[in-house]
Amino acid sequence: MPILLYRVDERLIHGQVVVGWGNSLKIDLIGLINDQVAQNPWERELYLACVPPEMKATIFSVDEGVAKILQNGFEGKRAVILVDSPLDILRMVEKGVKINSVNVGGVHSKIGRKKILPYLFLSQEEISAFKKIISAGIKCECRDVPLAEKHDLGSLFDKLRL
Amino acid sequence: MIGCVILTHGDLCFGLKGTLEGIMGKQEGFSVISNVGLGKEELISALQKKVEQEASSDGVVIFVDMFGTSCWQTAKKVASRMSGDKHKTAVITGVNLPMLVKFFTLRESVTLSQLVFLVKQEGEKGIRTES
């Protein structure tokens, strides 16, 4: 089975992911791909503590995560991939990962970010990364929790003239 | 006097503060903060500010509503930054009203570690099933 969901979510493993998406997709494996978390034992432990007993989670750097995906390392699992930034999705795509669509979850306010949706604030760099992802033919769909309304990110950029 | 900061999702923290103070009267050294509208780093610095404000030489407790959530991660990060004798910080998850009543009843008469133990016990004792 291919990976069920590639999700951009600044909070990585948290309630919306393990409860919301976990229940609706029957996730049994989370692949958390993030260079900073991967090299920080304290943060690894923090995120792994947030995984409920019915799921497993593995933490990878971007390079390790890409290698695992390209080797079909998630085969036979109901897996989701979590990253905290579109920049990491772009890096994965550039390293050869084939992605059909990206789920855009919470990326919250911060100095220098513009509001796109109540749960989505993006910097210019993040907007450019998403635009490159969209022009590579990858659908970017904003939806924080499974029952929420979907918004196509490309159309939102057009509407906001970004 | 041990300080108190409650961090929750949504409006829960405001409801808890209002209800607790409705029962026990206005409390000193008590702040609440919601995660709504704040980015990850913004929430960390906002919580840190509140914790520094309520901390005393007796310590401070950060209550969060749910273990394993972004609120809990934020509380853990702030608590780890606050280490040192001056700002002894404890994190307690699953905050409910019986826990808060216990906390504010005892916070001037016991140590931080005793208080954490007693508050946890009170929270667990408050959950009963009737059938």
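Everything numeric here is computed off the predicted structure, so don't read it as measured data.

Q: Run through the overall build of chain B, naming residues and quoting values.
A: In terms of regular secondary structure, chain B is built from 5 helices and 4 strands. Along chain B, helices and strands appear, N-terminal first, in the series β-α-β-α-β-α-β-α-α. Relative to its length of 131 residues, chain B is compact, with a C-alpha radius of gyration of 14 Å against a globular reference of 14 Å. Considered along the principal axes of its C-alpha atoms, chain B spans approximately 45 × 30 × 25 Å. Among the 131 residues that make up chain B, the fraction classed as buried is 37%. Once local pairs closer than 6 in sequence are excluded, the contacts in chain B between residues at least 24 apart make up 71%.

Q: Report on the interface of chain B and chain A, specifying residues and quantitative values.
A: Facing 12 residues of chain B, the contacting portion of chain A comprises 11 residues. Where the side of chain B that touches chain A is concerned, the elements lending two or more residues are α2 (40-54) and α3 (70-81) of chain B. Residue composition of the side of chain B that touches chain A, by class: 2 nonpolar, 6 polar and 4 charged.

Q: Tell me about the environment of B:Leu100, residues and numbers included.
A: All names here are of chain B. Inspection of the secondary structure assignment puts leucine 100 in helix α4 (residues 97-106). C-alpha separation for the pair leucine 100 and leucine 16, spaced 84 residues apart in sequence, amounts to 8.5 Å. What leucine 100 contacts, discounting residues up to four positions off in sequence, is Leu16, Leu20 and Val95.

Q: Any chance you could break down the pairing of strand β4 (residues 79-83) of chain A for me, citing the residues and the numbers?
A: Residue and element names in this part refer to chain A. Of all 5 residues in β4, 5 are buried; the element is thus mostly enclosed. By the alternation rule, side chains of β4 split into Ala79, Ile81 and Val83 and Val80 and Leu82, which are all buried. Two elements, strand β1 (residues 5-8) and β4, share 4 bridges in a ladder whose sense is parallel. The residue bridging leucine 5 from the neighbouring strand is valine 80, located in β4. Pairing between strand β2 (residues 29-33) and β4: 4 bridges, direction parallel. What sits directly across from leucine 29, in β4, is alanine 79.

Q: Quick one: what's the story with unusual backbone geometry, residue by residue and with numbers?
A: All names here are of chain A. One non-glycine residue, asparagine 72, adopts positive backbone phi at about 55°. Relative to the helices and strands, asparagine 72 resides in the loop between α4 (62-70) and β4. On the neighbour-count criterion, asparagine 72 (10 C-beta atoms within 10 Å) is exposed. Positive phi, normally seen in glycine, also occurs at arginine 161, with a value near 55°. Exposure remark for arginine 161: the 5 C-beta atoms within 10 Å place this residue in the exposed category.

Q: Lay out the packing of α2(B) against α3(B) with the relevant residues and their values.
A: Residue and element names in this part refer to chain B. α3 packs onto α2 with a crossing angle of 55° between their chain directions and a minimal axis gap of 9 Å. Regarding the angle of α2 to α3, the classification is oblique. For the element pair α2 and α3, the recorded crossing hand is right-handed. Together, Leu43, Ile44, Leu47, Gln48 and Val51 of α2 and Thr74, Ala75, Lys77, Val78 and Arg81 of α3 make up the contact between the two elements. Class assignment of the residues belonging to the contact of α2 with α3 gives a composition of 6 nonpolar, 2 polar and 2 charged.

Q: Pulling in residues and values, what's your account of the nonpolar core?
A: Taken as a class, soluble globular proteins show a tendency for nonpolar side chains to be buried jointly. Judged by nonpolar contacts, the single largest core of 44 residues is most densely connected at A:Ile13, A:Leu32, A:Val80, A:Ile81, A:Leu82, A:Ile89 and A:Leu120. The element contributing the most residues to this core is β4(A), with 5 residues. Residues within four places of A:Ile89 in sequence aside, it is in contact with A:Tyr6, A:Val8, A:Val83, A:Val102 and A:Ile133. Of all hydrophobic cores here, the second largest spans 32 residues; its members include B:Cys13, B:Val64, B:Ala75 and B:Val95.

Q: So what about helix α5 (residues 86-94) of chain A? Which residues, and what values?
A: Among the residues of α5(A), A:Pro86, A:Asp88, A:Ile89, A:Leu90 and A:Met92 are the ones counted as buried. One or two residues past the end of α5(A) sits A:Gly96, with phi positive at roughly 105°.

Basis of the calculations
- Residues numbered from 1 in each chain as written.
- Chains lettered and ligands numbered in written order.
- Predicted model: local features only at pLDDT ≥ 70, side-chain atom pairs only at ≥ 80, totals over all residues.
- Helix = DSSP H or I, 4+ residues; strand = E, 2+ residues; numbered from the N terminus.
- Rg over C-alpha atoms; globule rule 2.2 N^0.38 Å.
- Buried ≥ 20, exposed ≤ 12 C-beta atoms within 10 Å, placed from the backbone.
- Contact = placed C-beta atoms within 7 Å.
- Nonpolar A, V, L, I, M, F, W, Y, C, P; charged D, E, K, R; others polar.
- Pairing = 2+ DSSP bridges.
- Axes fitted to C-alpha atoms, helices over the stretch in contact; angles between N-to-C directions.
- Parallel < 35°, antiparallel > 145°, perpendicular 65-115°, else oblique.
- Left-handed = near helix turned anticlockwise from the far one by under 90°.
- Core = buried A, V, L, I, M, F, W, Y, C linked by C-beta atoms within 7 Å.

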